Amino acid sequence: MDLMKSSRIALLLVALACAQAWGQAPRSALPQRELSPSQVLGELRHGGYVLYFRHAATDFSQNDEKMKRYEDCADQRNLIDAGRADARAAGVAIRELGIPIGRVLASPFCRTVETAQLLFGRAEKMQEVRGGPAVSATSERYAELRKILATPVAPGANLVVVSHGNPFYSVAGPPYLAEGEVAVIRPLRTDFQIIARIRIDGWDALTSAPPK
């Protein structure tokens, strides 16, 4: 069995364990039903959703092994110029589409904070959206993230979470979010529903929707 296949199996086992701890069958990170671009845009303009972004494109020749503090950007995997350009362009598209944005929460890593700032001009660093170590053998690392995704958001704005691929995979299952991709999430108090996924270069597809 090659290393890549072994890694996929290990990630699947983690996702299954997390789902059992949450008390439900494993979900899929794909939308439960397909919505048209105009329907997605209408929902986002109304607000009340969580937009979970994976950070934009990064340099995979870098890693976080030598990092001692979140502020040590030189010892982390960072955005590449193409990722920065993609994030800026997506931020412009979101503003032009008239999608209201409330709080912008970001994992404290440099690549996630920078992505949030390029998208929305601000970032509220929060360890909980990355996931933390389990405090006991029976606790779940991503319990706080699940709570954030399930907690209702008031209409009129959308909550943004900028984090990583692994946390989302752990709470929502496969397939992985691509770098820069966003999952549009409807909070359901004790659970959440994915209504759409938008790739970093996919915001222009919503411009065909009727204006407000």
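The rules behind each value
- Residues numbered from 1 in each chain as written.
- Predicted model: local features only at pLDDT ≥ 70, side-chain atom pairs only at ≥ 80, totals over all residues.
- Heavy atoms only, no water.
- Pairing = 2+ DSSP bridges.
- Helix = DSSP H or I, 4+ residues; strand = E, 2+ residues; numbered from the N terminus.
- Contact = heavy atoms within 4.5 Å.
- Axes fitted to C-alpha atoms, helices over the stretch in contact; angles between N-to-C directions.
- Buried < 20%, exposed > 50% of the residue type's maximum accessible area, 1.4 Å probe, protein only.
- Salt bridge = Lys/Arg side-chain N within 4 Å of Asp/Glu carboxyl O.
- Disulfide = S-S within 2.5 Å.
- Patch = residues over 30% accessible without salt bridge, like charges linked within 9 Å, V, L, I, M, F, W, Y side chains within 5 Å.
- Areas by Shrake-Rupley, 256 points an atom, 1.4 Å probe, with all protein chains shown as cover.
- Lys, Arg positive; Asp, Glu negative; His and termini not counted.
- Charge placed at Lys NZ, Arg CZ, Asp CG, Glu CD.
- Core = buried A, V, L, I, M, F, W, Y, C linked by side-chain atoms within 4.5 Å.
- Phe/Tyr/Trp six-rings, centres within 6.5 Å; stacked < 30°, edge-to-face > 60°.
- Lys NZ or Arg CZ within 6 Å of the ring centre and 35° of its normal.

In this section: the sheet that holds strand 6 (residues 192–198). The sheet built from six strands is open, its strands ordered 3-2-4-1-5-6 with mixed pairing. What marks the edges here is a single partner per strand, and that holds for strand 3 (124–125) and strand 6. Pairing of strand 2 (residues 101–106) with strand 3 involves two bridges; the strand directions are parallel. By the bridge assignment, Leu105 is partnered in strand 3 with Glu124. Against the sheet, helix 5 (residues 143–150) touches strand 1 (50–54), strand 2, strand 4 (158–163), strand 5 (182–187) and strand 6, its axis set at about 135 degrees to strand 1. The sheet strands contacting helix 6 (residues 165–172) are strand 1, strand 4, strand 5 and strand 6, and the helix crosses strand 6 at an angle near 135 degrees.

Moving on, we get to unusual backbone geometry. Residue Pro175 is reached from Pro174 by a cis peptide bond, and omega for that bond is 0 degrees. Structurally, the position occupied by Pro175 is in the loop between helix 6 and strand 5. A positive phi angle, close to 75 degrees, is found at Arg189, a residue other than glycine. Turning to its location among the elements, Arg189 is positioned in the loop between strand 5 and strand 6. Judged by its relative accessible area of 68%, Arg189 is exposed.

Next up on the list: the pattern of salt bridges. Counted by the stated rule, this structure contains 10 salt bridges. Among the ionic pairs, Glu43 bridges to Arg186, the shortest N-O distance being 4.0 Å. Of this pair, Glu43 sits in helix 2 (residues 37–46) while Arg186 sits in strand 5, and the two are 143 residues apart along the sequence. Using a relative accessible area of 30% as the deciding quantity, one classes Glu43 as partly exposed. A relative accessible area of 26% places Arg186 in the partly exposed class. The salt bridge involving Asp64 is made with Arg111; its shortest N-O contact spans 2.9 Å. Of this pair, Asp64 sits in the loop between strand 1 and helix 3 (81–96) while Arg111 sits in helix 4 (residues 110–120); the two residues are 47 residues apart in sequence, bridging distant segments of the chain. When its relative accessible area of 25% is taken as the criterion, Asp64 is described as partly exposed.

Another point: the state of the cysteines. Defined simply, a disulfide is a covalent bond joining two cysteines at their sulfur atoms. If you walk through the whole model with that rule in mind, you get one disulfide. A sulfur-sulfur separation of 2.0 Å characterises the disulfide bridge that pairs Cys73 with Cys110. The chirality of the disulfide connecting Cys73 with Cys110 is left-handed, given an S-S dihedral of about -85 degrees. One end of the pair, Cys73, is in the loop between strand 1 and helix 3; the other, Cys110, is in helix 4, and 37 residues separate them in sequence. Classification of Cys110 as buried rests on a relative accessible area of 11%.

This part is about a negative patch on the surface. Where like charges cluster on the molecular surface, the negative patch consists of Asp86, Glu96, Asp201 and Asp204. Residue placement: Asp86 occurs in helix 3. Taking the relative accessible area as the measure of exposure, Asp86 reaches 33% and is therefore partly exposed.

This brings us to the nonpolar core. Leu44, Phe53, Val184, Ile198 and Trp203 are the most contacted members of the largest nonpolar core, which has 32 residues in total. Of all elements in the fold, only helix 2, strand 1, helix 3, strand 2, helix 4, strand 4, strand 5 and strand 6 reach the threshold of two or more residues within this core. When residues of this core are assigned to their parent elements, the largest contribution, five residues, is made by helix 4. Setting aside residues no more than four positions away along its own chain, Leu44 makes contact with Leu51, Ile99, Pro100, Asn158, Val184, Ile198, Trp203 and Leu206. Formed by 21 residues, the second largest nonpolar core is a distinct cluster that contains Met126, Leu145, Phe168 and Val171.

Take the packing of aromatic side chains next. For the structure on display, the rule yields five aromatic pairs. With 4.9 Å between their ring centres and 35 degrees between their planes, Tyr52 and Phe168 make a pair best called tilted. Here Tyr52 is found in strand 1, whereas its partner Phe168 is found in helix 6, with 116 residues between them in sequence. In this structure, Tyr52 and Phe168 share a single accessibility class: buried. Each ring, one from Tyr70 and one from Phe109, has its centre 5.1 Å from the other, and the planes form 70 degrees; the classification is edge-to-face. Of the two residues, Tyr70 is situated in the loop between strand 1 and helix 3 and Phe109 in the loop between strand 2 and helix 4; the sequence distance between them amounts to 39 residues. Positioned over the ring face of Phe60 is Arg77, at 4.3 Å from the centre of the ring.

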